[in-house]
Amino acid sequence: MRDKHKRDQPRIYKDSQAGPVSKVMPLFAIQPILRRIVQHVANLHPELFERLDDSCRKHFLIDAKGMPFLLLLRPDPDNLMLVAKSRHEEIPYDVLVSGKFKTLLRMIDSKTDSDALFFNRDITVTGDTEAIVALRNALDDMDATLADDVATAFGPLRGPVRASIDAVTKIVGSRT
Amino acid sequence: MSDLIKPELVCPAGTPASLRTAVDAGANSVYCGFKGPTNARNFPGLNFSKKELSESVKYAHDKDAMVLAAINSFPTAGRTDLWKQSVDDAVDIGIDAVIIADIGMAKYVAEQHPDQRLHLSVQAGASSPEAINFYVERFNVKRVVLPRILTVPEIKRVHDAIDCEIEAFVFGNIGMMAEGRCSLTNYVTGISTNMDGVCSPASHVDYEPDEDDGLTTRLGDFAIDCISCGETAGYPTICKGRYDTAHKKNYYAFEEPISLNLTRLLPDLMKAGVTALKIEGRQRSRAYIRSVVSAFRDAVDAYAAGEEPDITELIALTEGHKETQGAFKSKSWR
């Protein structure tokens, strides 16, 4: 029989090849912005949590290639978390999603088909497959794009923020 | 202008946003299911609540599209109330047709909701005129979704001998099985494709990357494929796995990851009397639905107008980047 207990144990991310940039990256400056973003998206799309069901308590580690840090998401409506993590840290997670930054963003915004990305090996998923399938389907039911939602989190600054997101997407996308 | 009758384009949706996407992309009808085991795509985060389906039906009807409710898994003793409740909810919502596989549920719809349009799911596995006409005569079934095991000439012969419409799959996942009877997932995981509504449940799937950019796919305790760097992947199903056999190593013992694509056979299907063309993929994303539905909308319209459609972009969305015409073209399609 399948060892359910073994599956439920968190995995540990460890990157011995991480470059020097991530070591000096001042992540503390990013954390409040990420908190604001995840809270705003949660407020805009409460239906996300219904689709996630029990998977909302899982830890999703997002490894966007080309970014100097990782993102750790726990989409729990009672205990929301989106934090940046250094690539030098050991990070417990339930699901690890890896891919190019631009690919992941396009997938989240449903501009490209995640199954096709998976078939083509453009994204890699390890860990709790049930949780990532639930998250994929929950995000796919959002009509808005993540970039738009993130921009609106900053009220009157939404224009410049949106422009910054587009610029970052372009820069990181060109590096990967 | 061609004399072909333009068939109904039946498209998949796993979420309300997907349904809206399918309608906006040109679907004539959209099929979907309730959350839970009553339909054959019982995946995490997928499917509709009664409220979501009700709102979706209104959206579709406002745009002259229909919504079909797939209640097409098989209830077991002690669980039939859930399937009956799903039928009642679908009827209450004003669904355009209920798609049923189980003969008991067909009887329930016919007796409790005699005015409700009833379709026979591919999961019922009805492929002979005698079997189909049985459902038509006993339960007033208006349309049969044919199993993907018949050639186009065979479909024509079925069409000429039955008293209901034919719906045929034209794109998407294809399994080499008698539909409604595959127990491979059940054999390995204890969860039934046909009775719990899920093939290769995500809760039992693991992907393990290795240091050489390879990937091992596991279902339950069993490795079902080892994909090396640069190779494309497929769905984590036993039937699409690779195995070491007595005469071949790392061998697709059942079938290769591949998608059905009948765009080139559309005129033949239309001539054979197929009323509705079905796209598989309720588990796929909105991006897939937008691309495939738009492409088939253009293709069907082009063929109906006597023109040749451009179908080159569909290959990118196929499993393993490979396509087949399956049994529709030839009984041996490997």
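For chain B, an unreviewed UniProt entry supplies the name Ubiquinone biosynthesis protein UbiU and the organism Maritalea mediterranea. In UniProt, chain B has this text filed under Pathway (unreviewed entry): "Cofactor biosynthesis; ubiquinone biosynthesis." Here chain B is described in UniProt, under the heading Function (unreviewed entry), as follows: "Required for O(2)-independent ubiquinone (coenzyme Q) biosynthesis. Together with UbiV, is essential for the C6-hydroxylation reaction in the oxygen-independent ubiquinone biosynthesis pathway."

Per an unreviewed UniProt entry, chain A goes by SCP2 sterol-binding domain-containing protein and derives from Maritalea mediterranea.

Draft legend 1. Up close: the overall build of chain A. Each helix and strand in chain A was counted, giving 9 helices and 7 strands. For chain A, the proportion of its 176 residues judged to be buried stands at 52%. Residue pairs in contact within chain A that sit at least 24 positions apart in sequence constitute 65% of those at least 6 positions apart. Roughly 8,900 Å² of accessible area belongs to chain A as shown, and the carbon and sulfur atoms make up 57% of that amount.

Draft legend 2. Layout of the nonpolar core. Judged by nonpolar contacts, the single largest core of 87 residues is most densely connected at B:Leu266, B:Leu269 and B:Ile279. The contacts of B:Ile279, once residues within four sequence positions are left out, are B:Leu9, B:Val10, B:Cys11, B:Pro12, B:Tyr31, B:Val170, B:Phe171, B:Tyr288, B:Val292, B:Val293 and B:Phe296.

Draft legend 3. Up close: the UniProt feature "domain: SCP2" (unreviewed entry) in chain A. Those places that UniProt annotates as "domain: SCP2" (unreviewed entry) correspond, in this numbering, to residues 52-140 of chain A. Taken as a whole, residues 52-140 of chain A contains 30% helix and 36% strand, while its terminal C-alpha atoms sit 12 Å from one another.

Draft legend 4. Local environment of the domain arrangement of chain B. All names here are of chain B. Split into domains, chain B comes out as domain 1 (8-174 + 258-329) and domain 2 (189-240). One C-alpha centre belongs to domain 1, the other to domain 2, and the line joining them spans 26 Å. Each partner contributes residues to the interface: domain 1 has 20 residues there, and domain 2 has 12 residues. In total, about 1,100 Å² of surface goes out of reach between domain 1 and domain 2, with carbon and sulfur atoms giving 47% of it. For the interface between domain 1 and domain 2, the tally reads 1 salt bridge. As a salt-bridge pair, Asp 196 and Arg 79 come within 3.6 Å of each other at their nearest N and O atoms.

Draft legend 5. Fine view of the pairing of strand β2 (residues 60-65) of chain A. Residue and element names in this part refer to chain A. Looking at chain direction, β2 and strand β3 (residues 69-74) are connected through 3 bridges and run antiparallel. Its bridge partner lying in β3, Ile 62 is registered against Leu 71. Hairpin connection of β2 to β3: 3 residues between the antiparallel strands, including Gly 66 at a positive phi of 100 degrees. One ladder, built from 6 bridges, connects β2 with strand β6 (residues 95-100); its direction is parallel. Bridged to Phe 60 within β6 is Val 95.

Draft legend 6. Main features of the environment of B:Pro257. Residues and elements named next belong to chain B. By the element assignment, Pro 257 lies in the loop between β10 (222-227) and β11 (259-261). Taking relative accessible area as the criterion, Pro 257 reaches 4% and is therefore assigned buried. For the pair Pro 257 and Thr 232, spaced 25 residues apart in the sequence, the C-alpha separation amounts to 9.2 Å.

Draft legend 7. Here's a closer look at the pattern of salt bridges. Overall, the coordinates contain 37 salt bridges over all chains when judged by the stated rule. The shortest N-O distance in the salt bridge between B:Glu52 and A:Arg51 comes to 3.2 Å. Here A:Arg51 lies in helix α4 (residues 47-52) and B:Glu52 lies in helix α2 (residues 50-62), a pairing that spans two chains. Each member of the pair B:Glu52 and A:Arg51 is classed as buried. Put simply, B:Lys51 and B:Glu55 hold a salt bridge, and the shortest N to O gap is 3.0 Å. With B:Lys51 and B:Glu55 both in helix α2 and 4 residues apart, this pair spans about one turn of that helix. Residue classification places B:Lys51 among the exposed positions, given a relative accessible area of 59%.

Draft legend 8. Broad picture of the sheet that holds β3(A). All names here are of chain A. Read from one edge of the open sheet, 5 strands run β4-β3-β2-β6-β7, paired in mixed fashion. Taken across any chain shown, the strands that pair with only one partner, and hence form the sheet edges, are β4 (81-86) and β7 (123-127). Averaged over all adjacent pairs, the angle separating strand axes in this sheet is 20 degrees, with direction ignored. Here β6 runs beside β7; their pairing, made up of 5 bridges, is antiparallel.

Draft legend 9. Just the sheet that holds strand β8 (residues 205-209) of chain B, in detail. All names here are of chain B. Pairing in this open sheet of 3 strands is antiparallel, and the strands run β8-β9-β10 from one edge to the other. Lying at the two open borders of the sheet, with one neighbouring strand each, are β8 and β10. The average angle at which neighbouring strand axes cross in this sheet is 20 degrees, direction not considered. Two strands pair when backbone bridges link them, and strand β9 (residues 215-219) and β10 are joined in this way by 5 bridges, in the antiparallel orientation. Paired with Thr 217 across the two strands is Asp 225, which belongs to β10.

Draft legend 10. View of the interface of chain A and chain B. Listed as interface residues are 32 residues of chain A and, on the opposing side, 47 residues of chain B. In total, chain A and chain B occlude about 3,100 Å² of area from one another, counting both sides; carbon and sulfur atoms represent 44% of this. Across the chain A-chain B interface, the total number found is 7 salt bridges. Our enumeration of links across chain A and chain B arrives at 22 residue pairs in polar contact (both at pLDDT 80 or more). Sorting the residues of the side of chain A that touches chain B by element identifies α4, α6 (114-119), β7 and α7 (129-140) of chain A as the ones contributing at least two each. The leading source of residues in the side of chain A that touches chain B is α7(A), at 8 residues. By residue class, the composition of the side of chain A that touches chain B is 9 nonpolar, 8 polar and 15 charged.

What counts and how
- Residues numbered from 1 in each chain as written.
- Chains lettered and ligands numbered in written order.
- Predicted model: local features only at pLDDT ≥ 70, side-chain atom pairs only at ≥ 80, totals over all residues.
- Heavy atoms only, no water.
- UniProt positions renumbered as here; feature names shortened; annotations may be inferred.
- Helix = DSSP H or I, 4+ residues; strand = E, 2+ residues; numbered from the N terminus.
- Buried < 20%, exposed > 50% of the residue type's maximum accessible area, 1.4 Å probe, protein only.
- Contact = heavy atoms within 4.5 Å.
- Areas by Shrake-Rupley, 256 points an atom, 1.4 Å probe, with all protein chains shown as cover.
- Core = buried A, V, L, I, M, F, W, Y, C linked by side-chain atoms within 4.5 Å.
- Domains from an automatic or database assignment.
- Buried area = accessible area lost by both parts, 1.4 Å probe.
- Salt bridge = Lys/Arg side-chain N within 4 Å of Asp/Glu carboxyl O.
- Pairing = 2+ DSSP bridges.
- Axes fitted to C-alpha atoms, helices over the stretch in contact; angles between N-to-C directions.
- Polar contact = N/O pair within 3.5 Å; in protein donor to acceptor, adjacent residues only side chain to side chain.
- Nonpolar A, V, L, I, M, F, W, Y, C, P; charged D, E, K, R; others polar.

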